[in-house]
Every structure is written in C-alpha cells, then in structure tokens.
Amino acid sequence: MNYLALFLAVAFGYLIARIFQSKGLKQMPILLAFSGAFLLSVTLFELLPEVFETPSKTIGLYIMAGILLQLVLDFFSKGAEHGHVHINSNDKSFPWLLFISLSAHALLEGFPVTNNDSMLIGVIVHKIPIAIILALFFNQANYNKITSIVFLSLFAVMTPLGSFLSTEIEWLTAYETEINAVAIGVFLHVSTTILFESSKDHKFNLAKLLAIIIGVAMAYFI
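The structure contained in this document is the topic of the report that follows. Remember, predicted model here, so these are calculated numbers, not experimental data.

Calculation criteria
Residues numbered from 1 in each chain as written. Predicted model: local features only at pLDDT ≥ 70, side-chain atom pairs only at ≥ 80, totals over all residues. Heavy atoms only, no water. Helix = DSSP H or I, 4+ residues; strand = E, 2+ residues; numbered from the N terminus. Rg over C-alpha atoms; globule rule 2.2 N^0.38 Å. Buried < 20%, exposed > 50% of the residue type's maximum accessible area, 1.4 Å probe, protein only. Contact = heavy atoms within 4.5 Å. Areas by Shrake-Rupley, 256 points an atom, 1.4 Å probe, with all protein chains shown as cover. Lys, Arg positive; Asp, Glu negative; His and termini not counted. Charge placed at Lys NZ, Arg CZ, Asp CG, Glu CD. Core = buried A, V, L, I, M, F, W, Y, C linked by side-chain atoms within 4.5 Å. Expected span 1.5 Å × (residues − 1). Bend = angle between axes of the 7 residues up to and from the residue. Patch = residues over 30% accessible without salt bridge, like charges linked within 9 Å, V, L, I, M, F, W, Y side chains within 5 Å. Salt bridge = Lys/Arg side-chain N within 4 Å of Asp/Glu carboxyl O. Polar contact = N/O pair within 3.5 Å; in protein donor to acceptor, adjacent residues only side chain to side chain. Phe/Tyr/Trp six-rings, centres within 6.5 Å; stacked < 30°, edge-to-face > 60°. Axes fitted to C-alpha atoms, helices over the stretch in contact; angles between N-to-C directions. Parallel < 35°, antiparallel > 145°, perpendicular 65-115°, else oblique. Left-handed = near helix turned anticlockwise from the far one by under 90°. Nonpolar A, V, L, I, M, F, W, Y, C, P; charged D, E, K, R; others polar.

A tally of helices and strands in the protein chain yields nine helices and zero strands. Each helix and strand of the protein chain, ordered N terminal to C terminal, gives the series α-α-α-α-α-α-α-α-α. Taken over C-alpha atoms, the radius of gyration comes to 17 Å for the protein chain, in line with the 17 Å a tight globule of 222 residues would show. The principal-axis extents of the C-alpha atoms in the protein chain amount to approximately 50 × 40 × 30 Å. Looking at the protein chain as a whole, 50% of its 222 residues qualify as buried. Put simply, 82% of the contacts in the protein chain that link residues at least 6 apart link residues at least 24 apart. When the accessible area of the protein chain is evaluated, it comes to approximately 11,100 Å², of which 68% is carbon and sulfur surface. A distance of 21 Å separates the average location of the 11 positive side-chain charges in the protein chain from that of its 14 negative side-chain charges.

Written out as structure tokens, the structure reads:
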C-alpha cells in the first residue's frame, strides 16, 4: 500500500495539472510553502531524532553529504525538486538530465519512508506539487503527451523502488542510518529552498505564512 500511495501521489499531481492546464494554478506558491514546511517539520520531528539516537559527528557528515548531493542534483535539474523547471522548451527530446536528477532524488526519498509513516506522508505531500509543476511545464512547453506521461510514470516509480531496495538488499539495510542521514540533508536543502524561494524577494505574505504554520502544526500532530 505504501508503494501504491507514493505512485498515486504523482498521478494525483498529474490529474490536478490536467484540470488546471489552461489557466495554471495560482495557488501553487502557497501549496509549495505548505509542502516545504510539512517536509521540513517531519524531517526534524521524526527522522532527525532517529539518526541521532546514538550521537555521532559522522552522522552530521552524512547529513552535509546529502545537502551537497542535492546541490549537485539541482545543477542538472535546475531546481525542479523544489518547484522550478528551467529547461530548453524548444528542445522536445526526452529531458534526460532532468529525469536522471529527479530520479536520483526520488530514489533516495524512498529509503526513510520504509518504516516511518510520518515520513511517508511528508514525501507524498512533497511529491504532489512537484508533479503538478512538472506536468504543467510539459504542457506549456508543448511536449508530446506520451513523453510527459512516460516521464512522470518513471518518476513516480522511483520512490517506491527506493523503498523496495532498502528492505530487499541486505547491505543497504546495514547502512540504514547513514542513508537516512543523507536523505535528511536532501530534505533539509529542498524544504528550506522551497520556503525561501516560494516568496517574492524572500518575503512572506499572510497566506503563505499561514500555510507554513499549518504545515508545521500538522507535521507535529500526525
């Protein structure tokens, strides 16, 4: 069921994008702000205490590695993980760099959700607006519908695949704490970037501030 929920999050985002494709989604910055706050809060409330059950400076090193990894992925994806898609819309070939970067990000997301329902919800909330943005971009850039569906379907499979690998490959299970620490770094980078970039000139209006507060509160009580 967890695998299906992760896949359907992307499918749901695609459906929303199809409904609003003609006029776009004006509430997207608010939705992104909510998802960023929710993901950040779940990471701090649930995942961070787990990896620091046995305090170690090495864990901090892995978290920094995750932050640096996401910086590298951002270089190739142009920030799609946190709500920005900047690729050449004149080139209608399959966007391989974007796909590989997003796939690596999505695959890593699957590891910490395996035994953590709160992180599962956090990743689902994060994936829906990203799927909406990707689908809207493909539509506005006049990409072939088949290309869009194939891209989003493969993207949707990556997080369940990461979760599956984390339980089925023994040596990955042995390094669960270290991998989760890298995932924390990725989540910290993505979520904080969403919060700062979702507001013009880095200023929050009331609606976005309320969305962030609601996101934090919901993450705390789930």
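Proteins that are soluble and globular tend to have nonpolar side chains buried together. Counting 64 residues, the largest nonpolar core has Leu-134 and Phe-151 as its most contacted members. Put simply, the parts of the chain that give this core at least two residues each are α1 (2-19), α2 (28-51), α3 (57-77), α4 (96-109), α5 (117-140), α6 (145-168), α8 (176-197) and α9 (206-221). Here the element with the most residues in this core is α5; it accounts for 15 residues. Beyond its immediate stretch of four places on either side in the chain, Phe-151 contacts Phe-94, Pro-95, Leu-98, Phe-99, Leu-102, Leu-134 and Phe-138.

The next point concerns α2. Relative to the 34 Å expected for 24 residues at 1.5 Å per residue, α2 spans 32 Å between its end C-alpha atoms, a close match to the ideal helical length. The axis of α2 is deflected most strongly, by about 35°, at Leu-44.

The next subject is a nonpolar patch on the surface. A grouping of Met-1, Tyr-3, Leu-4, Phe-7, Leu-8, Val-157, Leu-161 and Phe-164 is seen on the molecular surface, where their side chains present a nonpolar patch of about 750 Å² in accessible area. Sort the elements by how many residues they give to the nonpolar patch and α1 lands first, with four residues. Mapped onto the elements, Phe-164 comes out in helix α6.

Structurally, the position occupied by Ser-166 is in helix α6. Residue Ser-166 is classed as buried on the basis of its relative accessible area of 13%. A distance of 2.6 Å separates a polar side-chain atom of Ser-166 from the backbone oxygen of Ser-163. Ignoring anything within four residues of it in the chain, the contact list for Ser-166 reads Gly-110, Phe-111, Thr-114 and Thr-173.

Next up on the list: the packing of aromatic side chains. Aromatic ring pairs are described here by two measures, namely the spacing of the ring centres and the angle between the planes. For the structure on display, the rule yields ten aromatic pairs. Judged by centre distance (5.2 Å) and plane angle (85°), the ring pair of Phe-75 and Phe-76 falls under edge-to-face. When its relative accessible area of 56% is taken as the criterion, Phe-75 is described as exposed. Pairing Phe-99 with Phe-151 gives two aromatic rings, centres 5.7 Å apart and planes at 70°, and the pair type is edge-to-face.

Among the structural elements, Gln-21 can be located in the loop between α1 and α2. For Gln-21 and Asn-116, which are 95 residues apart along the polypeptide, the C-alpha to C-alpha distance reads 34 Å. Contact partners of Gln-21, with chain neighbours within four places excluded, come to Leu-136 and Asn-139.

Before going further, it helps to examine the packing of α3 against α4. The geometry of α3 relative to α4 is characterised by a closest axis approach of 8 Å and an angle of 150° between their N-to-C directions. It follows that α3 is roughly antiparallel to α4 by the angle criterion. In this structure, α3 crosses over α4, and the sense of that crossing is left-handed. Touching Leu-69, Gln-70, Leu-73, Phe-76 and Ser-77 of α3 are Leu-97, Leu-98, Ser-101, Ala-104, His-105 and Leu-108, all from α4. When its residues are assigned to classes, the contact of α3 with α4 shows seven nonpolar, four polar and no charged.

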